[in-house]
Amino acid sequence: MNSFSFFLRCIFPLLIILTTPILGQSQIVALPKECKFKVADDMSWASPSFNDNSWESRLLGTSRQDTSGKRDLFVWYRIKVIVPSSLKKPGELGKGLRLNLGKIDDVDFTFFNGKLVGQTGSLPPEYISKFQADRVYNIPLDIVEWDKENVIAVRVFSPDPWVGMYEGPYKLGPLQWSDSIAVEQSITQTQNSSFGTTVKLRNNGNNPFEGTIRYSVTDTKNNELFTETKPIKIQPMKGAENEVVFSNYQPVNNNIFKVGYTITENATGIAVEKYQLYLSDRQLKIVVEKEPVPVIQNKIKDAFTSIRFQDQQQQGYLGKRLNKNLAERLLKLDEVGTLDGYLERPGHHPWAGEHIGKYLETASNVWRNTGDEGLKMQMDRLMYQLVHAQLPDGYLGTYTPEDYWTSWDVWSHKYNLYGLLGYYKATGYQPALDACKKMGDLLCKTFGNKPGQLDIILAGTHIGMASTSVLDPMVELYKYTGDKKYLDFCYYILEAWEQKNGPKIISALLTKGKVTAVGNGKAYEMLSTFVGLANLYRTTGDEAMLKPLFIAWNDIVKNQLYVTGTTSSHEYFQADDYLPAGRDANMGEGCVTTTWIQFNQQLFEITGDLKYFDQIELSVYNHLLAAENPQTGCVSYYTPLMGAKPYTCYITCCQSSVPRGIAMVPYFTFGNIKEVPTVMMYEPATYKETITTKNKKTVRLSFKVESNFPESGKATISVSPSENATFPVTLRVPTWCQSFTAVINGKSYMGTSKQLIVINRSWKAGDKIKVLFQIPFKMLSGGKSYPNQMAIQRGPQVLALDSTLNKEVLRIFSLNADKGVVIDKPAGANAPGLLPAGWIGQQAYPLSIAGIKNGDKKQQFVLVPFADASQTGGSMKVWMPLILKK
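Reading the values: rules and limits
Residues numbered from 1 in each chain as written. Predicted model: local features only at pLDDT ≥ 70, side-chain atom pairs only at ≥ 80, totals over all residues. Heavy atoms only, no water. pLDDT = per-residue confidence, 0-100. Contact = heavy atoms within 4.5 Å. Core = buried A, V, L, I, M, F, W, Y, C linked by side-chain atoms within 4.5 Å. Buried < 20%, exposed > 50% of the residue type's maximum accessible area, 1.4 Å probe, protein only. Axes fitted to C-alpha atoms, helices over the stretch in contact; angles between N-to-C directions. Helix = DSSP H or I, 4+ residues; strand = E, 2+ residues; numbered from the N terminus. Parallel < 35°, antiparallel > 145°, perpendicular 65-115°, else oblique. Left-handed = near helix turned anticlockwise from the far one by under 90°. Nonpolar A, V, L, I, M, F, W, Y, C, P; charged D, E, K, R; others polar. Phe/Tyr/Trp six-rings, centres within 6.5 Å; stacked < 30°, edge-to-face > 60°. Patch = residues over 30% accessible without salt bridge, like charges linked within 9 Å, V, L, I, M, F, W, Y side chains within 5 Å. Areas by Shrake-Rupley, 256 points an atom, 1.4 Å probe, with all protein chains shown as cover. Salt bridge = Lys/Arg side-chain N within 4 Å of Asp/Glu carboxyl O. Lys, Arg positive; Asp, Glu negative; His and termini not counted. Charge placed at Lys NZ, Arg CZ, Asp CG, Glu CD. Pairing = 2+ DSSP bridges. Expected span 1.5 Å × (residues − 1). Disulfide = S-S within 2.5 Å. 1 Å grid on protein atoms, 1.4 Å probe; cavity = no way out; pocket = protein on both sides within 12 Å on 5 of 7 lines; lining within 4 Å. Points joined across faces, edges and corners; volume = space filled by probe spheres on them.

Participant: Any details on the confidence of the model for the protein chain? Residues and values, ideally.
Facilitator: In the predicted model, the protein chain carries a mean pLDDT of 91, and the fraction of residues at 70 or more is 95%. Confidence drops under pLDDT 50 across residues 1-25; counting only partners more than four residues distant or on other chains, this segment forms 67 contacts.

In structure tokens form, the structure reads like this:
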């Protein structure tokens, strides 16, 4: 977060900066979604007379990955649009038209009716990448064919396999004064809760401007409460500014308002209108109601259920990470950047809408677990504003009307459903559920197979996998409302998957058995659809839904999974066993890690099979925690196994997803397997649960786990029932452990890997189970991607070498891949004294280099958990050219 946005967040109550005025909607022509596409290069294709009938059809806004292995690709798009003559006069006033083509990967040359109108980036050898830049080009009026077909031809170059026009908006409209005049509105609040507004105009060109600003304050029902009009003038020079300050307004009987302005240019009469929602009561507090229960119960009985978040408290390693997620990430949220796309549409980037929903779900889980009052107040005011940003028809996205249901619009509604349902489940606040119902109703009305409805596959990226991943929260909405139309909509999504233009989620898995055969192979979006399908199976009991999920899981675990419990490179599933792990591989996207955990959670709760829990544990202790810096709360979008973790604090999809994943950890620590209380992890913690015994007694239980796991495999579990009673307690024996023993009152229970030990006895308050197990070191092979290299795993944790902890030894042993280093068998005890002051974590393991001494001291590397490595910026290695001494 830059210092300016931090200043705004701390000083001003919900101040929103407006920088991009909206064009008049009637003066905008949306480009057709379908265009012609060809992989090759021929400059004659820029001509409007060229016959492209033999080219393939393609949707704008969909990514393309070339699977042939080719690089330095050229592709062409040809878009045909009729430009109405109604744009001619506005175009003359503005001296041209403006063409928006969104983002293009990578370099583009754009032609309008055969004339080059713009270029972004440069070809080799002076190659300049601009794949994240928005393409906005001016179109001279003399090359436009009015009321006829015009051809926009886009020549695109990319040095890698990813190429194309991957993200909108796609539209054409007249140039207006607002294209060169930036407008900024700021609201300040006085101590008596009144607020005033300043509107500043800045000239980014050389044209003069003279006009009026009409300022207004209305309530959320559009009743005008205050208005004031003032003149404004800007000199015709770049950088010239002028501002108008409007009178303070004192709120009466309201705490949320629409505050905005209409700026009208005197010479043309062209007006730009803008408003934002403003919450004047920053101390807003929502009263918590009774915790709601689903109206519809699952037809498939859960094999595993977690206990309520508020009935458990984590300490130790996981507890510290959970607390850091709260203190360093959630409570330091950039509220302005998270919500601004709803308070003043459009959002500052196409997927801006997903962040608030992810935050609300995360914050609701964390608040249920911690009861933190500061977090509750924060999530209350953000939820309140989001609900009031919903339009009367139920729309709750960040787009303007000409771009509704394009790009990431359905995706944003998906996460708003997640967030508001999460808030409703935590607080019982009915308006949050009502907002979800309005969104659900709008989705059901908008998309489907009936006349006048839209195809949901065309409404999102990645062959519809992004838009159709709304399946999961729609299943939840059905459960909490009982409204069957939401269930019908879920079945519509399954039908859409198998359309000619669909991603073939189910059929591709059943016939080909590979996740790379599904859609375009995009991991995050595909895993999101798996989560929804699993939830729908639990709700309906339709067995046909389960088989493809098992196929997908097996393929990922066998062929796509990194040793740290994540998948994907460059955000896609790759060829079998191709698992590059450097920074340039863009591996282990944080969103993918979190969604992989969710997928395993669904399968574990369905089946109770511990193999799914093993994957959750592996991901949590490694790639999930590794993606959030425990010192700063910053997040790495991609988290490599080799090199420094690229932590950043600004908002991206992964900066929202990783804290969401960490907040899910209480789902997995303790629960009930087949209705028996079960200890799943051996971190220090306390748990509360209520059970019904065989003789129908209702007994309240408390469990206290005392340990320093994962440093050691020794734990004491105190079991305290509210009264003496006979009931079973289950202990999970981890897959990686050895010699598992549980002892109570002199009776021993021996366990083996992947086993559940059931202790059925008469319990009284204070009974203690003594648990002891070995945490072995394990050598892992580097496989095809890292031949002749090894990694080291201890228990559930993969270890890494951090350069900041190994400066001296790395001067002698560089660990280059072409020269192996012989090491003794890893067996060293934890040595936290090797860690520097301020290091978060207490684990450090010496790895001795065989046969070499520095004086009387044996040379050694220091390894730490991969999740802790690179927290101070050091480069790290998981894969190392190690040779185990025989």
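Participant: Please provide a residue-by-residue account of the nonpolar core, values included.
Facilitator: Membership of the largest hydrophobic core comes to 188 residues, with the highest contact counts inside it found for Leu-420 and Leu-731. Sequence-distant contacts of Leu-420, defined by excluding residues within four places in its chain, comprise Leu-360, Met-383, Leu-386, Val-387, Leu-396, Ala-432, Ala-435, Cys-436 and Met-439. Within the second largest apolar cluster, 30 residues are counted, among which are Leu-73, Ile-79, Leu-87 and Ile-152.

Participant: Pulling in residues and values, what's your account of the packing of helix α3 (residues 316-330) against helix α16 (residues 610-626)?
Facilitator: Angle between the axes and distance between the axes are the two parameters that describe a pair of packed helices. In the contact formed by α3 and α16, the axes pass within 13 Å of each other and the chain directions differ by 25 degrees. If you check the angle between α3 and α16, you find them roughly parallel. Crossing angle aside, the handedness with which α3 passes α16 is left-handed. Judged by residue contacts, Tyr-317, Leu-318 and Arg-321 of α3 engage Val-620, Tyr-621 and Leu-625 from α16. Its residues assigned to classes, the contact of α3 with α16 shows 5 nonpolar, no polar and 1 charged.

Participant: Outline the packing of aromatic side chains, listing residues and values.
Facilitator: Under the counting rule described, the total for this entry stands at 47 aromatic pairs. Relative to Trp-763, the ring of Phe-727 lies with its centre 5.9 Å away and its plane at 25 degrees, an arrangement referred to as stacked. One end of the pair, Phe-727, is in strand β29 (residues 725-732); the other, Trp-763, is in strand β32 (residues 756-763), and 36 residues separate them in sequence. Exposure remark for Trp-763: the relative accessible area of 0% places this residue in the buried category.

Participant: Describe a positive patch on the surface, naming the residues involved and giving the relevant values.
Facilitator: Where like charges cluster on the molecular surface, the positive patch consists of Lys-704, Lys-714, Lys-768 and Lys-770. Considering the arrangement of structural elements, one finds Lys-770 in strand β33 (residues 767-774).

Participant: Now, about the sheet that holds strand β16 (residues 224-234): what can you tell me, with residues and values included?
Facilitator: The antiparallel open sheet is built from 4 strands, whose spatial order is β16-β15-β18-β19. Either end of the sheet is taken by a strand with one partner, and the two such strands are β16 and β19 (271-279). Here the average twist between neighbouring strands, direction ignored, is 15 degrees. As judged from the 9 bridges shared by strand β18 (residues 256-265) and β19, these two strands associate in the antiparallel manner. Considered in β19, the bridge of Phe-257 is made with Tyr-278. Against the sheet, helix α6 (residues 373-388) touches β18 and β19, its axis set at about 145 degrees to β19.

Participant: Account for the sheet that holds strand β10 (residues 149-158), naming residues and giving values.
Facilitator: Overall, antiparallel pairing links the 6 strands, which are arranged β3-β2-β5-β10-β7-β8 in an open sheet. Since the sheet does not close on itself, it has two edges, and those belong to β3 (56-59) and β8 (115-120), each with one partner. Between one strand axis and the next, the sheet turns by 25 degrees as a mean value, whatever way the strands run. By the bridge criterion, 6 bridges tie strand β7 (residues 107-112) to β10 in an arrangement that is antiparallel. Counted as the bridge partner of Asp-108 is Val-156 from β10.

Participant: Quick one: what's the story with helix α7 (residues 409-427), residue by residue and with numbers?
Facilitator: The end-to-end C-alpha distance of α7 is 27 Å, a good match for the 27 Å that 19 residues give at a rise of 1.5 Å each. Counting buried residues in α7 gives 18 out of 19 residues, a clear majority hidden from the surface. Following α7 by one or two positions, Gly-428 adopts a phi angle in the positive range, close to 75 degrees.

Participant: Give a description of the state of the cysteines that names residues and reports values.
Facilitator: Inspection of every chain in the model, using the stated rule, returns 1 disulfide. A disulfide bridge connects Cys-634 with Cys-649, and the sulfur atoms are separated by 1.6 Å. Its torsion about the S-S bond being -45 degrees, the disulfide of Cys-634 and Cys-649 is classed as left-handed. Here the residue Cys-634 occupies a position in the loop between α16 and β22 (635-636), and Cys-649 occupies one in the loop between β23 (647-648) and α17 (653-663), the gap between them amounting to 15 residues. When its relative accessible area of 10% is taken as the criterion, Cys-634 is described as buried. Unpaired in terms of disulfides, Cys-444 finds its nearest cysteine sulfur in Cys-490, a separation of 8.2 Å.

Participant: Hey, could you go over the side chain of Asn-150 for me, with residue numbers and the actual values?
Facilitator: Tracing the backbone shows Asn-150 in strand β10. Discounting chain neighbours no more than four positions away, the residues touching Asn-150 are Ile-79, Lys-80, Val-81, Val-83, Phe-112, Asn-113, Ile-143, Val-144 and Glu-145.

Participant: I'd like a description of the pairing of β29, backed by residues and values.
Facilitator: Summarising burial for β29: 6 of the 8 residues are buried, a large majority. Pairing analysis gives 2 bridges linking strand β25 (residues 676-679) to β29, with the strands arranged parallel. When the bridges of β29 are listed, Val-679 appears paired with Leu-731.

Participant: I'd like a description of the pairing of strand β14 (residues 195-203), backed by residues and values.
Facilitator: Side-chain direction in a regular strand flips from residue to residue, so the side chains alternate between the two faces of the sheet. Pairing analysis gives 9 bridges linking strand β13 (residues 181-189) to β14, with the strands arranged antiparallel. Within the sheet, the bridge partner assigned to Gln-189 lies in β14 and is Phe-195. Summarising the sheet, β14 and strand β17 (residues 241-249) pair through 7 bridges and their orientation is antiparallel. Following the sheet pairing, Leu-201 is matched in β17 by Asn-242.

Participant: Could you give an account of empty space enclosed by the protein, naming the residues involved and the relevant values?
Facilitator: In the structure shown here, the tally under the stated rule is 3 cavities of 30 Å³ or more. The computed volume of the largest cavity comes to approximately 40 Å³. Around the largest cavity sit Lys-414, Tyr-415, Tyr-418, Ser-528, Val-531, Thr-595, Gln-598 and Arg-660, which together line it. Counting residues per element, the ones that place at least two in the lining of the largest cavity are α7, α13 (523-540) and α15 (590-607). It is α7 that contributes the most residues to the lining of the largest cavity, 3 residues altogether. By residue class, the composition of the lining of the largest cavity is 3 nonpolar, 3 polar and 2 charged.

Participant: Describe in detail the packing of helix α14 (residues 546-560) against α16, supporting the description with residues and values.
Facilitator: Contact geometry for α14 and α16: axes closest at 13 Å, N-to-C directions at 50 degrees. Considering the angle they form, α14 stands oblique to α16. Here α14 and α16 pass one another in a crossing that is left-handed. Only Lys-611, Tyr-612 and Gln-615 of α16 make contact with α14, whose side of the interface consists of Phe-550, Trp-553, Asn-554 and Val-557. Class assignment for the residues of the contact of α14 with α16 results in 4 nonpolar, 2 polar and 1 charged.

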